[in-house]
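Spelled out, the chains give:
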Amino acid sequence: MKKLADRTSRIAGSPTMKVTATVDRLRREGVDVIDFGAGEPDFATPDAIKAAGHAALDANFTRYTPASGIAELKRAICERYRAEYGVEYAESEVIVTAGGKQALDNATLALFGPGDEVITHAPYWPTLTEQIKLADATPVLVRTHPEDGFAIRAKTILDGVTPRTRGIIINSPCNPTGALITESDMAAIAEVAVRQDIWLLLDLCYERLIYDPAPHNLPRLLAEKCRDLTVLCGSASKAYAMTGWRCGWAIGPANVIAACGAIQSHTTSNVNSMAQKAAVTALTGSQAPVRAMLDEYRKRRDQLHAWLTADPRLRCQKPSGAFYMFVDVSEVLSVDGLRTSMEFADALLAEARVAVTPGEAFDAPGFIRISYATSVDNLREGTRRLIEFVGRHTMSETRHGQ
Ligand code: GLU
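Residues numbered from 1 in each chain as written. Predicted model: local features only at pLDDT ≥ 70, side-chain atom pairs only at ≥ 80, totals over all residues. Heavy atoms only, no water.

(A) Representation of the pairing of strand E6 (residues 199–203) in the model. Among the five residues that make up E6, five are buried, leaving the element largely enclosed by the rest of the structure. Of the two faces of E6, the one holding Trp-199, Leu-201 and Asp-203 and the one holding Leu-200 and Leu-202 are both buried throughout. As judged from the five bridges shared by strand E5 (residues 165–171) and E6, these two strands associate in the parallel manner. In the strand pairing of E6, Gly-167 is matched with Trp-199. Crossover connection from E6 via helix H9 (residues 218–226) to parallel strand E7 (residues 230–235): handedness right-handed. (Buried < 20%, exposed > 50% of the residue type's maximum accessible area, 1.4 Å probe, protein only. Helix = DSSP H or I, 4+ residues; strand = E, 2+ residues; numbered from the N terminus. Pairing = 2+ DSSP bridges. Right-handed = clockwise from strand over helix to strand, strands pointing away.)

(B) Representation of the nonpolar core. Counting 73 residues, the largest nonpolar core has Leu-73, Ile-77, Ile-170, Met-186, Ile-189, Leu-200 and Tyr-240 as the members making the most contacts within it. Not counting chain neighbours up to four residues away, the residues in contact with Leu-73 comprise Val-96, Cys-247, Gln-276, Ala-279, Val-280 and Leu-283. Of all hydrophobic cores here, the second largest spans 38 residues; its members include Leu-308, Val-327, Val-332 and Val-354. (Core = buried A, V, L, I, M, F, W, Y, C linked by side-chain atoms within 4.5 Å. Contact = heavy atoms within 4.5 Å.)

(C) Local environment of the site of the ligand. Neighbouring the ligand are the residues Ser-14, Thr-16, Met-17, Gly-39, Lys-101, Trp-125, Asn-175, Tyr-206, Lys-238, Tyr-324 and Arg-369. Between the ligand and Asn-175, the relevant distance is 2.8 Å, taken from an oxygen atom to a side-chain nitrogen or oxygen of the residue. Considering the ligand on its own, with 280 Å² of exposed area, one finds that the protein chains cover 89% of that surface. With respect to the detected pockets, the ligand is housed in the largest pocket. (Near = heavy atom within 4 Å. Polar contact = N/O pair within 3.5 Å; in protein donor to acceptor, adjacent residues only side chain to side chain. Areas by Shrake-Rupley, 256 points an atom, 1.4 Å probe, with all protein chains shown as cover. 1 Å grid on protein atoms, 1.4 Å probe; cavity = no way out; pocket = protein on both sides within 12 Å on 5 of 7 lines; lining within 4 Å. Sits in = over half its atoms within 2 Å of the grid points.)

(D) Region of interest: the sheet that holds strand E2 (residues 94–97). Here seven strands make up an open sheet; going across it, the order is E2-E8-E7-E6-E5-E3-E4 and the pairing mixed. One side of each edge strand has no neighbouring strand; the edge strands of this open sheet are E2 and strand E4 (138–143). Along the sheet, successive strands turn relative to each other by an average axial angle of 20 degrees, direction set aside. As defined by bridge partners, strand E3 (residues 117–122) adjoins E4 across six bridges and the pair is classed as parallel. (Axes fitted to C-alpha atoms, helices over the stretch in contact; angles between N-to-C directions.)

(E) Quick look at the packing of aromatic side chains. Taken as a whole, this structure holds 13 aromatic pairs when the rule is applied. Aromatic pair Phe-326 and Phe-362: ring centres 5.9 Å apart, planes at 85 degrees, arrangement edge-to-face. One end of the pair, Phe-326, is in strand E9 (residues 324–328); the other, Phe-362, is in the loop between strand E11 (357–358) and strand E12 (367–371), with 36 residues separating them in the sequence. Phe-362 shares its class with Phe-326; the two are buried. (Phe/Tyr/Trp six-rings, centres within 6.5 Å; stacked < 30°, edge-to-face > 60°.)

(F) Seen up close, the packing of helix H3 (residues 47–58) against helix H11 (residues 273–284). Between H3 and H11, the shortest axis-to-axis distance is 8 Å and the interhelical angle comes to 145 degrees. At the point where H3 passes H11, the crossing takes the right-handed sense. Across the interface between the two elements, Ala-48, Ile-49, Ala-52, Gly-53, Ala-56 and Leu-57 from H3 touch Met-274, Lys-277, Ala-278, Thr-281 and Ala-282 from H11. Of the residues contributing to the contact of H3 with H11, the split by class is eight nonpolar, two polar and one charged. (Left-handed = near helix turned anticlockwise from the far one by under 90°. Nonpolar A, V, L, I, M, F, W, Y, C, P; charged D, E, K, R; others polar.)

(G) Broad picture of the sheet that holds E11. Sheet architecture is open: three strands sit in the order E9-E12-E11, paired in antiparallel fashion. The open sheet has two edge strands with one neighbour each: E9 and E11. Examined bridge by bridge, E9 and E12 share five bridges and lie antiparallel to one another. Residue pairing across strands places Asp-328 opposite Phe-367, the latter belonging to E12. The sheet contacts of helix H12 (residues 288–309) involve E9 and E12, and relative to E9 the element is tilted by about 15 degrees.

(H) Geometry of empty space enclosed by the protein. Taken as a whole, this structure holds one cavity of 30 Å³ or more when the rule is applied. Looking at the largest cavity, its volume works out to about 60 Å³. Lining the largest cavity, in full, are Arg-80, Tyr-81, Glu-84, Tyr-85, Glu-207, Arg-208, Ser-235, Ala-239, Tyr-240, Trp-249 and Leu-283. No other element matches the four residues that helix H4 (residues 71–85) contributes to the lining of the largest cavity. Residues of the lining of the largest cavity, tallied by class, amount to six nonpolar, one polar and four charged. (Points joined across faces, edges and corners; volume = space filled by probe spheres on them.)

(I) How the structure looks around the pattern of salt bridges. Throughout the structure, instances matching the rule amount to 34 salt bridges. The residue Arg-25 makes a salt bridge to Glu-29 at a minimum N-O spacing of 3.4 Å. Each of Asp-32, Glu-381, Arg-384, Arg-385 and Glu-388 takes part in one network of salt bridges that share partners. (Salt bridge = Lys/Arg side-chain N within 4 Å of Asp/Glu carboxyl O.)

(J) Quick peek at the side chain of Thr-177. Position of Thr-177 among the secondary structure elements: in the loop between E5 and helix H8 (183–196). Under the relative-accessibility criterion, Thr-177 is labelled buried at 8%. A polar side-chain atom of Thr-177 sits 3.2 Å from the main-chain amide nitrogen of Ala-179. Leaving out residues up to four positions away in the same chain, Thr-177 has contacts with Pro-123, Phe-150, Pro-319 and Phe-326.

(K) Geometry of the side chain of Gln-287. Mapping Gln-287 onto the fold places it in the loop between H11 and H12. Those residues in contact with Gln-287, other than ones at most four positions away along the chain, are Arg-80, Arg-208, Tyr-240 and Ala-282.

Spelled out as structure tokens, the structure:
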């Protein structure tokens, strides 16, 4: 086989997207699968947003736009962050990207390179570490712990700092744990960032999905403490049920955003023109659909948590944000049965037709991630199948052990 570039051997394809692809394939084959894998809203994009996309198409708004996005959308992003957080950003400090993923990738490529260490917290969304590697930098992983609710502590993050640290990536609410960083922990990290000139990248893709009132004004806090070191990455995908439209943004110092723009001008150019118009309506129109979806996710979270924790073999905490339940299944694993959470997930899909993402995807073996961005009926039936599966496997383990 001909040799590929070295960087391809350093990364692996997205394990979260793989689950979705497997479910897709099985469904096309006619298999009845309950999908707890998909990390995306099950809601339709709200009507007003869809109408704006249609209108853009009807008006033949179908050509190239500026590679970094249309001015109208940049203004809408600035306006939304002003309304939500009380921060002031200018158009030159915003780039429109293909989802939060490209925002993070642009920023990572613009800021980090060989010899640089970039800290992030595990369990993590796998794309974060792979993007660091694609930039030829080195990911440094620090651990958050289940007994501490996976809280993202300043001390944990700062323990990873060395003279080579160039960046810290914080994902809050966190995928897969749903944990938040507190403002005081963020402030303590910012103080060190200022002293040591460390870039702070915030992955805020789930920022509109926080269930209980908690002070989480990270943009304002960082704008006050270290605006010139902060890049905020956000997305229309989760808040507005717009995953397929591919629309996100990065907000940060003008020189960083200009560098992101140069990179994007040579990679993908602009986000598709209709999606940009739709995103303007999402950000400037009524925010009632965001609140309605959040209320529904909260109900599902509470219901799912009650069902799961009724079985003592499954341990999980109620997440503060995002739409994932991160479940400890280690009680069910054994040397002569299901040995890993990966095997657990594979067997659950094969035997019970329930798709979940194994903890290995997030560097957290022993766990599975259940997405509750699906109907209560699916949650009920999927949990029933899951608990039956767990019962079957723990019973056969007991028999083996006797
Ligand atoms: N963020 C989602 C997830 O974790 C979507 C898939 C992806 O882009 O990784 O499942």
